[in-house]
Amino acid sequence: MKLPSKLLLSDLLNHNVRCDQGLEHGIGITAWMHPPVHRLLGWITRPSSFRLVRNVWRLDQLKGIGNQYLYVKGKPSISDQQTIDRCPTLMNSDIFNKEGQRLGLIADLVFNPMSGKIIYYLVSRSNPKIPGTSRWRLFIKSILDQQPGLISCDIDSLDDLPIDKSSIRQQLFKRSQKWRSK
């Protein structure tokens, strides 16, 4: 199984993890990242709903992706939810434009699974858990400043960003604008 050159974080988190011993380690719950250099270091899984233990996987442990499973080699590091909550992340951070107006939030990211380098973030205008919401690509060069929970960007509106996935509502809005201009 060969890894793709680009991978969505949500694809990584939506699969169960199975190690080379054949054991299942649960589904992904969050990313382990180093925000200052826009690098994904790994991800965290929850092996059981009843235990407080969390498994932390390095990205270089990922060896393959199947329909339902991520295949990893080696053992995870063991942690707890309190420690994981203290780790910095840009996921679900609010996005602000040049004037300081809130535009949306980081819903997902695309990264290189070999190096962990984040290629771009996906921005959602509203709650990213709602299916069918639009996603815009926020490239790292557009980020002016970042702090835990907020990102300042060199854009005026989400229309300045390329759309990655549009909702039906967004598609209808764009078409009606084209019709009006014609």
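A few points on the structure. As the structure is a computational prediction, the values presented were derived from the model and not from experiment.

### Focus on the overall build of the protein
Moving on, step 1. In terms of regular secondary structure, the protein is built from three helices and 15 strands.
Moving on, step 2. For the protein, buried positions account for 40% of its 182 residues.
Moving on, step 3. A sequence separation of at least 24 residues applies to 48% of the contacts in the protein between residues at least 6 apart.

### Things to note about the pattern of salt bridges
Proximity of charged atoms lets side chains of opposite charge pair with each other.
Moving on, step 1. The tally for this structure, following the rule as stated, stands at six salt bridges.
Moving on, step 2. The salt bridge partner of Asp 60 is Arg 58, with a shortest N-O separation of 3.0 Å.
Moving on, step 3. Since its relative accessible area comes to 44%, Arg 58 is described here as partly exposed.
Moving on, step 4. In this structure, the salt-bridge partner of Asp 154 is Lys 98, at a minimum N-O distance of 3.9 Å. With a gap of 56 residues between them, Asp 154 in the loop between β14 (150–153) and β15 (163–165) and Lys 98 in the loop between β9 (94–96) and β10 (102–111) connect regions that are remote in the sequence.
Moving on, step 5. The class for Asp 154 is partly exposed, based on a relative accessible area of 43%.

### Quick look at the pairing of strand β3 (residues 24–34)
Moving on, step 1. Summarising the sheet, strand β2 (residues 16–19) and β3 pair through two bridges and their orientation is antiparallel. Bridge pairing in β3 places Arg 18 opposite Glu 24.
Moving on, step 2. Adjacent in sequence and paired antiparallel, β2 and β3 are bridged by four residues, among which Gly 22 carries a positive phi angle near 85°.
Moving on, step 3. As defined by bridge partners, β3 adjoins strand β4 (residues 39–46) across seven bridges and the pair is classed as antiparallel. Paired with Thr 30 across the two strands is Ile 44, which belongs to β4.
Moving on, step 4. From the end of β3 to the start of β4, which pair antiparallel, there are four residues, and His 38 there has a positive phi angle of about 55°.

### Points about the layout of surface pockets
Moving on, step 1. In this structure, the largest pocket spans a volume of roughly 670 Å³.
Moving on, step 2. Lining the largest pocket are 27 residues; nearest its centre among them are Leu 13, Ile 29, Met 91, Asn 92 and Ala 107.
Moving on, step 3. If you list the elements that add at least two residues to the lining of the largest pocket, you get α1 (9–13), β3, α2 (81–85), β10 and β15.
Moving on, step 4. Broken down by element, the lining of the largest pocket gets its largest block of residues, six residues, from β3.
Moving on, step 5. The class makeup of the residues in the lining of the largest pocket is 14 nonpolar, seven polar and six charged.

### Notes on the nonpolar core
Moving on, step 1. Counting 34 residues, the largest nonpolar core has Leu 12, Trp 43, Tyr 121 and Leu 138 as its most contacted members.
Moving on, step 2. If you tally residues by element for this core, the top one is β10, at four residues.
Moving on, step 3. When neighbours within four sequence positions are excluded, Leu 138 is seen to be in contact with Ile 95, Ile 106, Tyr 120, Tyr 121, Val 123, Ile 143, Cys 153 and Leu 161.

### Points about the sheet that holds strand β7 (residues 69–72)
Moving on, step 1. If you trace the seven strands from one edge of the open sheet to the other, you get β6-β7-β2-β3-β4-β5-β8, paired in mixed fashion. The open sheet is flanked by β6 (62–65) and β8 (77–80), the only strands paired with a single partner. Between one strand axis and the next, the sheet turns by 40° as a mean value, whatever way the strands run.
Moving on, step 2. Strand direction decides the pairing type here: β6 and β7, joined by three bridges, are antiparallel. Within the sheet, the bridge partner assigned to Leu 62 lies in β7 and is Val 72.

### Looking at the packing of aromatic side chains
Moving on, step 1. Within this structure, the stated rule accounts for three aromatic pairs.
Moving on, step 2. Seen from their ring centres, Trp 43 and Trp 57 are 6.4 Å apart, and the 25° between their planes marks the pair as stacked. Taken together, the residues span a long stretch of sequence, with Trp 43 in strand β4 and Trp 57 in strand β5 (residues 53–58) at a distance of 14 residues.
Moving on, step 3. When its relative accessible area of 0% is taken as the criterion, Trp 43 is described as buried.
Moving on, step 4. Taking relative accessible area as the criterion, Trp 57 reaches 0% and is therefore assigned buried.
Moving on, step 5. Pairing Tyr 69 with Tyr 71 gives two aromatic rings, centres 6.2 Å apart and planes at 45°, and the pair type is tilted.
Moving on, step 6. Look at Tyr 69 and you get buried, because its relative accessible area is 15%.
Moving on, step 7. Given a relative accessible area of 27%, Tyr 71 falls into the partly exposed group.

Criteria and thresholds
- Residues numbered from 1 in each chain as written.
- Predicted model: local features only at pLDDT ≥ 70, side-chain atom pairs only at ≥ 80, totals over all residues.
- Heavy atoms only, no water.
- Helix = DSSP H or I, 4+ residues; strand = E, 2+ residues; numbered from the N terminus.
- Buried < 20%, exposed > 50% of the residue type's maximum accessible area, 1.4 Å probe, protein only.
- Contact = heavy atoms within 4.5 Å.
- Salt bridge = Lys/Arg side-chain N within 4 Å of Asp/Glu carboxyl O.
- Pairing = 2+ DSSP bridges.
- 1 Å grid on protein atoms, 1.4 Å probe; cavity = no way out; pocket = protein on both sides within 12 Å on 5 of 7 lines; lining within 4 Å.
- Points joined across faces, edges and corners; volume = space filled by probe spheres on them.
- Nonpolar A, V, L, I, M, F, W, Y, C, P; charged D, E, K, R; others polar.
- Core = buried A, V, L, I, M, F, W, Y, C linked by side-chain atoms within 4.5 Å.
- Axes fitted to C-alpha atoms, helices over the stretch in contact; angles between N-to-C directions.
- Phe/Tyr/Trp six-rings, centres within 6.5 Å; stacked < 30°, edge-to-face > 60°.

Shape is all these values report; function is a separate question.
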